[in-house]
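The chain contents come next:
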Amino acid sequence: MTGGGEIPLTRMQTGQSGTVIQIQGGFGLVNRLAALNIRPGKRITKVSSMLMRGPVTIEVDRTQVAIGFGMANRVIVELDEAAK
Amino acid sequence: MRILLMGNPNVGKSVVFSRLTGVNVIASNYPGTTVGYTRGFMKLGEEKVEVIDVPGTYTLEPTSEAEEVARRMLDAGNIVINVVDATNLERNLYLTLQLLERNIPVIVALNIWDDTRHRGINIELDKLRELLGVPVIPTVAITGQGIKELAGSIPNTNAASPEAPVRSRDERWAAIGNIVEKVQRVTHRHHTWSERLADASVKPLRGGIIALIVIAGAFFVVRFIGESLIGYVLEPLFENLWALVILRLSSLLGGESFIHQILIGKITGDEVNFVESFGLLTSGLYVPFAMVLPYIIAFYLMLGLLEDSGYLPRLAVLMDTIMHRLGLHGYAIIPILLGLGCNVPAILATRILESNRERFIAATLISVAVPCAALQAMIFGLVGERGGQYVAVVYGTLFVVWIILGIILRYAARGFTPELLIEIPPYRLPQWRAVVQKLWMRVYGFLAEALPVILGAILVINILDILGIFGAIANFTAPVVTGLLGLPKEAVTALVIGFLRKDVAVGMLAPLALTAEQLVVGSVVLAMSFPCIATFIVLLRELGVVGMVKATGIMVSAALIAGGLLNVVL
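Since this is a predicted model, take the numbers as computed values, not measurements.

## So, the overall build of chain B
Step number 1: Within chain B, the secondary structure is distributed over 24 helices and 9 strands.
Step number 2: Computed over C-alpha atoms, the radius of gyration of chain B comes to 27 Å, within 12% of the 25 Å expected from 2.2 N^0.38 for 570 residues, which places it in the range of a compact globule.
Step number 3: Viewed in the frame of its principal axes, chain B has a C-alpha envelope of about 80 × 55 × 45 Å.
Step number 4: Among the 570 residues that make up chain B, the fraction classed as buried is 48%.
Step number 5: Once local pairs closer than 6 in sequence are excluded, the contacts in chain B between residues at least 24 apart make up 72%.

Structure, rendered in structure tokens:
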């Protein structure tokens with residue numbers, strides 16, 4: 001499955017769910033996100049995003065995490081079938 | 001023996017610590033409340049053992065100053081009590097596995113256990129114990145449930161050291177996935193009202209409206225409580241009762257004696273002016289108790305409620321875009337809010353920020369443009385008397401300075417600002433016992449630390465006054481104070497005393513018969529210029545000599561520029 005289904009967190013719509021498939025960053029970023037349980041294979045739901053390239057808030061395992069825009073841009077998600 | 005309390009941020013380590021040791025520490029509902037470590041002692045049978053409340057950490061690979069502290073502490077402990085958020089087992093177990101690999105005896109306290117049921121989470125304890133190979137004790141630290149069992153399991157754990165292979169990150173996650181699948185069942189349930197509110201408060205429009213309501217509400221509640229305490233309780237007490245004692249004492253001592261000036265200061269006729277007399281028993285008590293304390297109580301009550309509700313991280317998300325313009329990210333709003341109470345804990349709290357650059361910017365902005373509660377109380381008391389618009393000018397100026405200085409520092413300070421990455425805790429209803437206890441700790445802290453300095457400052461003022469030293473300083477600095485700031489040269493005494501206590505310093509402006517405009521300039525310069533001695537020491541410790549000298553240089557220049565401009569404009 002490729003194409004329209006794989007997008008960064010920043011381009012997801014509020015309320016959409018998907019699965020993290022890749023984190024495009026160095027070891028540091030991968031580690032910091034993994035510490036918050038954001039890593040390939042995890043199901044996430046987007047809760048909100050702030051205007052003007054503000055942080056994106058997602059829910060992972062019933063916990064909310066706010067991620068700065070630049071970082072969120074590097075978290076690639078495959079959208080659920082229903083959300084496409 | 002030394003026991004370490006370790007766990008992810010915001011899982012309740014500090015509450016467990018208070019329960020085990022009886023030592024009260026500040027606990028709140030946001031990640032990063034504890035930035036240093038606190039030690040206490042508990043009795044274990046006949047033995048007295050040391051317990052350390054370690055700052056929260058997600059992993060043993062440190063990503064911030066607070067996590068670095070946590071990692072270093074690990075080498076010094078004999079047993080780890082790993083406090084785990086039962087509602088977020090998977091993520092919390094990552095640190096647990098890392099701890100197990102260190103071959104240090106571990107006890108798992110499965111905290112926030114009461115919330116698992118509401119959230120539809122079912123954890124099989126026996127299976128979890130078996131899979132981890134260590135004691136697992138469900139606890140609800142806030143109510144004390146399970147604490148006795150937790151303490152009881154410590155002696156048995158001492159000997160048994162579990163053995164775990166050292167794994168890579170992916171292997172750990174795989175192992176955790178395995179454990180969670182075996183022990184945890186999650187059933188679906190509907191959103192609660194607090195979750196709906198939680199979602200709304202991080203959305204741009206609704207969140208912004210909620211933030212405005214919360215901040216405006218907090219401000220009015222603080223003013224209402226502060227003014228009511230002053231108007232109905234403390235002022236009547238001083239004016240109607242204490243004034244009689246003072247007048248009696250005054251006539252006993254005779255108006256001109258040295259002792260009279262030190263204890264009572266300058267009073268005329270049969271009226272005591274508690275603000276202007278400047279004796280130890282008059283202004284020395286009136287300023288801390290009747291002017292500052294009411295606002296300290298009101299502010300910290302409100303702050304405690306906000307902290308425990310879990311609102312502050314949401315405010316951080318909302319403020320993130322704006323804070324990036326100042327070279328900081330949204331989480332810096334927490335130290336800045338703490339600074340409205342006292343700059344000292346605020347500068348300590350900058351440890352939750354990741355880089356040295358952010359910490360320098362935040363600490364400098366706090367000491368320049370964030371007035372502490374004591375200073376604000378005096379500004380409200382003295383400047384407010386002349387009209388609310390003057391108070392607004394003081395606050396407006398500080399706000400503009402905050403923004404401009406932030407923008408300058410963003411470009412001038414070296415390094416880069418990392419992005420926001422925070423966990424947002426669920427909303428919780430603040431527990432009144434916890435709120436009152438925290439309020440008491442902070443109020444007691446103010447009385448224990450500020451009162452001696454206030455009295456000392458007033459003593460110093462009187463002695464310098466009697467010796468005529470202020471006159472010499474006043475003449476020496478007259479060009480700056482009079483020429484640039486448009487204040488009478490005597491006002492310099494207040495600026496000098498500002499180094500000891502800013503509240504007393506604002507009080508010293510009272511007897512000078514200043515115009516409202518001069519009072520505004522004086523208050524702004526006092527707020528911005530040199531830090532008070534307590535802030536000075538903490539700046540030195542947190543930023544080092546070079547950082548502190550830079551920050552102080554920025555403060556003095558910013559104060560003179562802002563004061564000079566205000567003098568021209570007003």
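## Considering the confidence of the model for chain B
In low-pLDDT segments, the atomic positions of the prediction should not be examined closely.
Residue and element names in this part refer to chain B.
Step number 1: Summary statistics for chain B give a mean pLDDT of 90 and a share of 98% for residues scoring 70 or more.
Step number 2: When mean pLDDT is compared element by element in chain B, strand S7 (residues 136-138) scores highest at 96, while helix H2 (residues 65-74) scores lowest at 78.
Step number 3: Scored as a whole, the predicted complex attains pTM 0.90, and scored at its interfaces, ipTM 0.91.

## So, the interface of chain B and chain A
Step number 1: On the chain A side, the residues contacting the 27 residues of chain B number 25 residues.
Step number 2: Elements that contribute at least two residues to the side of chain B that touches chain A include exactly helix H3 (89-101), helix H8 (169-183), helix H13 (312-325) and strand S9 (421-424) of chain B.
Step number 3: Looking at side-chain class alone, the side of chain B that touches chain A contains 10 nonpolar, 7 polar and 10 charged residues.
Step number 4: Judged from the 4 bridges that link them, strand S5 (residues 63-67) of chain A and S9 of chain B form a sheet pairing that is antiparallel. Among the inter-strand pairings, Ile-67 of chain A is bridged to a residue of S9 of chain B, identified as Leu-421 of chain B.

## Comments concerning the nonpolar core
Residues and elements named next belong to chain B.
Step number 1: Residues Ala-109, Ile-333, Ile-334, Val-524 and Met-528 are the most contacted members of the largest nonpolar core, which totals 189 residues.
Step number 2: The leading source of residues in this core is helix H12 (residues 283-309), at 15 residues.
Step number 3: Both domains that furnish three or more residues to this core are identified here as domain 1 (2-186) and domain 2 (204-419 + 432-569).
Step number 4: Excluding residues that lie within four positions of it along the chain, Ile-333 makes contacts with Leu-315, Ala-316, Met-319 and Met-323.

## Here's the deal with the pairing of strand S3 (residues 47-53) of chain B
Residue and element names in this part refer to chain B.
Step number 1: Here 4 bridges tie strand S1 (residues 2-7) to S3, and the two strands are oriented parallel to one another. When the sheet's bridge partners are listed, Leu-4 is paired in S3 with Ile-52.
Step number 2: With 7 bridges joining them, strand S2 (residues 38-44) and S3 adopt antiparallel strand pairing. What sits directly across from Lys-43, in S3, is Lys-48.
Step number 3: The antiparallel pairing of S2 with S3 creates a hairpin that spans 2 residues between the two strands, and Gly-45 there sits at a positive phi of about 65°.

## Notes on the packing of helix H16 (residues 356-369) of chain B against helix H24 (residues 533-569) of chain B
Residues and elements named next belong to chain B.
Step number 1: Here H16 crosses H24 at 60°, and the two axes come no closer than 9 Å. By the angle class used here, H16 and H24 are oblique. At the point where H16 passes H24, the crossing takes the right-handed sense. On H24, the residues that touch Phe-360, Ala-363, Thr-364, Ser-367 and Val-368 of H16 are Thr-535, Leu-539, Glu-542, Leu-543, Gly-547, Ala-551, Ile-554, Met-555 and Ala-558.
Step number 2: Of the residues contributing to the contact of H16 with H24, the split by class is 9 nonpolar, 4 polar and 1 charged.

## Side note on the sheet that holds strand S1 (residues 6-8) of chain A
Step number 1: As summarised here, the arrangement of the 7 strands in space is S1(A)-S6(A)-S2(A)-S3(A)-S4(A)-S5(A)-S9(B), forming an open sheet in which the pairing is antiparallel. Across the chains shown, the open sheet's two edge strands, defined by having one partner strand only, are S1 of chain A together with S9 of chain B. With strand direction ignored, the average angle separating the axes of adjacent strands in the sheet is 40°.
Step number 2: In this structure, strand S2 (residues 17-23) of chain A lies alongside strand S6 (residues 75-79) of chain A, joined through 5 bridges in antiparallel fashion. Opposite Ile-23 of chain A, over in S6 of chain A, you have Val-75 of chain A as the bridge partner.
Step number 3: Running at roughly 140° to S9 of chain B, H13 of chain B makes contact with strand S4 (56-60) and S5 of chain A together with S9 of chain B of the sheet.

What counts and how
Residues numbered from 1 in each chain as written. Chains lettered and ligands numbered in written order. Predicted model: local features only at pLDDT ≥ 70, side-chain atom pairs only at ≥ 80, totals over all residues. Helix = DSSP H or I, 4+ residues; strand = E, 2+ residues; numbered from the N terminus. Rg over C-alpha atoms; globule rule 2.2 N^0.38 Å. Buried ≥ 20, exposed ≤ 12 C-beta atoms within 10 Å, placed from the backbone. Contact = placed C-beta atoms within 7 Å. pLDDT = per-residue confidence, 0-100. Nonpolar A, V, L, I, M, F, W, Y, C, P; charged D, E, K, R; others polar. Pairing = 2+ DSSP bridges. Core = buried A, V, L, I, M, F, W, Y, C linked by C-beta atoms within 7 Å. Domains from an automatic or database assignment. Axes fitted to C-alpha atoms, helices over the stretch in contact; angles between N-to-C directions. Parallel < 35°, antiparallel > 145°, perpendicular 65-115°, else oblique. Left-handed = near helix turned anticlockwise from the far one by under 90°.

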